[in-house]
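Structure at a glance
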Amino acid sequence: MSSGDASELSRRVSVLSWDQVRRLDSILGESVPIHGRGNFPTLSVQPRQIVQVVRARLEERGVVVRDVKLNGSAASHVLHEDNGLGYKDLDLIFGLSLTDDKTFRLVKDVVLDCLVEFLPEGVCRERITALALKEAYIQKLVKVCNDTDRWSLISLSNNTGKNVELKFVDSLRRQFEFSVDSFQITLDSLLLFDRCSETAMSETFHPTVQGESMYGDFEEALGHLRSRTIATRSPEEIRGGGLLKYCHLLVRGFRPSSEAQIKQMQRYMCSRFFIDFPDINEQHRKLGAYLQNHFAGMEHKRYDYLVTLRRVVDESTVCLMGHERRQTLALISALALRVMAEQNAIPALSNITCYYQPAPYVRDVNFSNYYVAQVQSPVPTCSNSYQTWLPCS
């Protein structure tokens, strides 16, 4: 390793303080329910337990785990508790070599096999198949295998949105969206301490735990987290452009580091979002899933979020045909109105945008004082295809 590489690595990495290690230990020891579908019982799982069991089973099957890391909002919470984000998902990254499809299948089979360990007493484990476990406890299965990315994701089901997500990574080109969620904390030393030490941790006796910012400069990223600053690089590299997370940060009180720069980035965010989700039905599903997964327990924030998203899309979308842009804006407006209806809430008049249909008499052919716009459903019923993209200027 050259001196330049060593200097770069030292800027990316930092040793956690005792308070941060204590918060990490608390998160890993917290029991998280994995809710079963149908008649399957709820499993009670501590993150440190499932990490240790999955790692041991993988190594028994000949798969070497390089390291295990905590990622995302939970890692941000460990580093700065009062960050305005909280945390929902527990993102755990297992670094390993995914050489072929056989290894991908092996990883999935090992995780399903490990779930049997957490079934409550009295359950007849011999009669439960891997397929039944998958249907009962797995919320999401993802496999990505291309020239730059080789990884898989297994998300365990939780009805409150606090999912335990196990990500198995060989290579992953883009590992963060914004600087405030770019942290990864290596768990190996803490897990080794669990297994080997008979003495409880204290301020003067605890393992050395390292954190890393995939954004680049650890102290800069931590400063952004503390000051609630939005910063990123090349949002066009992020799936979905980071658009939904960006609007989420705005609603949570985060502000861009540079207003001039963020306007240009908003264009890239919107362009990448519509490249990845070009169809109005895909957009509908994506928005619905995001609201469900990220606003559980904060339903009162959903309306503000959708209004913010509509404003950003309206200001910054430059690559859509006019009719598709109007479709997307109508979809977001319809979702915002639905959220208001579900909450049975009427915001202050200064904060409400009203969408209404004209009175019936306005459509009379003899009543010509008004122009009546044709209202298009946010979800199209026709199957015609259109040339939807124009070159970005």
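For the structure itself, look to the data block above.
Keep in mind the model is a prediction, meaning the values are calculated, not measured.

Rules used throughout
Residues numbered from 1 in each chain as written. Predicted model: local features only at pLDDT ≥ 70, side-chain atom pairs only at ≥ 80, totals over all residues. Heavy atoms only, no water. Pairing = 2+ DSSP bridges. Helix = DSSP H or I, 4+ residues; strand = E, 2+ residues; numbered from the N terminus. Axes fitted to C-alpha atoms, helices over the stretch in contact; angles between N-to-C directions. Buried < 20%, exposed > 50% of the residue type's maximum accessible area, 1.4 Å probe, protein only. Contact = heavy atoms within 4.5 Å. Polar contact = N/O pair within 3.5 Å; in protein donor to acceptor, adjacent residues only side chain to side chain. Salt bridge = Lys/Arg side-chain N within 4 Å of Asp/Glu carboxyl O. Core = buried A, V, L, I, M, F, W, Y, C linked by side-chain atoms within 4.5 Å.

Okay, the sheet that holds strand E10 (residues 210-213) next. Neighbouring strands of a sheet are bound in pairs by backbone hydrogen bonds; such pairs are parallel or else antiparallel. On the basis of which strands lie adjacent, the open sheet formed by eight strands has the order E1-E10-E9-E4-E5-E8-E7-E6 and mixed pairing. Edge positions in the open sheet fall to strand E1 (13-15) and strand E6 (138-145), since each of these has one partner strand only. On average, each strand axis in the sheet is tilted by 20° relative to the strand beside it, whichever way the strands run.

Okay, the environment of glutamine 184 next. With respect to the helices, strands and loops of the structure, glutamine 184 is situated in strand E9 (residues 183-186). We classify glutamine 184 as buried; its relative accessible area is 4%. Residues glutamine 184 and glutamine 210 lie 26 residues apart in sequence; the distance between their C-alpha atoms is 8.7 Å. When near neighbours in sequence (up to four residues on either side) are disregarded, glutamine 184 contacts Lys69, Leu70, Asn71, Ile93, Gln175, Gln210, Gly211, Glu212 and Met214. In terms of polar contacts, glutamine 184 uses its side chain to reach the side chain of glutamine 175, at 2.9 Å.

Let us now look at unusual backbone geometry. Backbone geometry follows two general trends: most residues other than glycine have a negative phi, and most peptide bonds adopt the trans configuration. We note that arginine 228 has phi near 55°; this positive angle belongs to a residue other than glycine. Inspection of the secondary structure puts arginine 228 in the loop between helix H8 (218-227) and strand E11 (229-230). Despite not being glycine, serine 234 has its phi angle at roughly 45°, a positive value. In this structure, serine 234 sits in the loop between E11 and helix H9 (243-251).

Turning next to the pattern of salt bridges. Evaluated as defined, the whole model comprises 21 salt bridges. In this structure, arginine 23 and glutamate 81 form a salt bridge, with 3.7 Å as the shortest nitrogen-oxygen distance. One end of the pair, arginine 23, is in helix H2 (residues 18-29); the other, glutamate 81, is in the loop between helix H4 (72-79) and strand E5 (90-95), with 58 residues separating them in the sequence. Between lysine 69 and glutamate 212 there is a salt bridge, and its shortest N-O distance comes to 3.9 Å. Separated by 143 residues along the polypeptide, lysine 69 in strand E4 (residues 67-71) and glutamate 212 in strand E10 bring together distant segments of the chain. Pair check on accessibility: lysine 69 and glutamate 212 agree, each one buried.

Let us now look at the nonpolar core. Residues Leu70, Phe94, Phe168, Ile185 and Tyr305 are the most contacted members of the largest nonpolar core, which totals 104 residues. Broken down by element, the residue count for this core peaks at eight residues, all from helix H5 (residues 101-115). Listed in part, the six residues of the second largest apolar core include Val144, Trp151, Leu153 and Val169.

Here the focus is H4. Within H4, seven of the eight residues are buried, leaving the element largely enclosed by the surrounding structure. Residues Gly72, Ala74, Ala75, Ser76, His77, Val78 and Leu79 constitute the buried set of H4. Buried positions along H4 lie against H2, E4, E5, E9 and H8.

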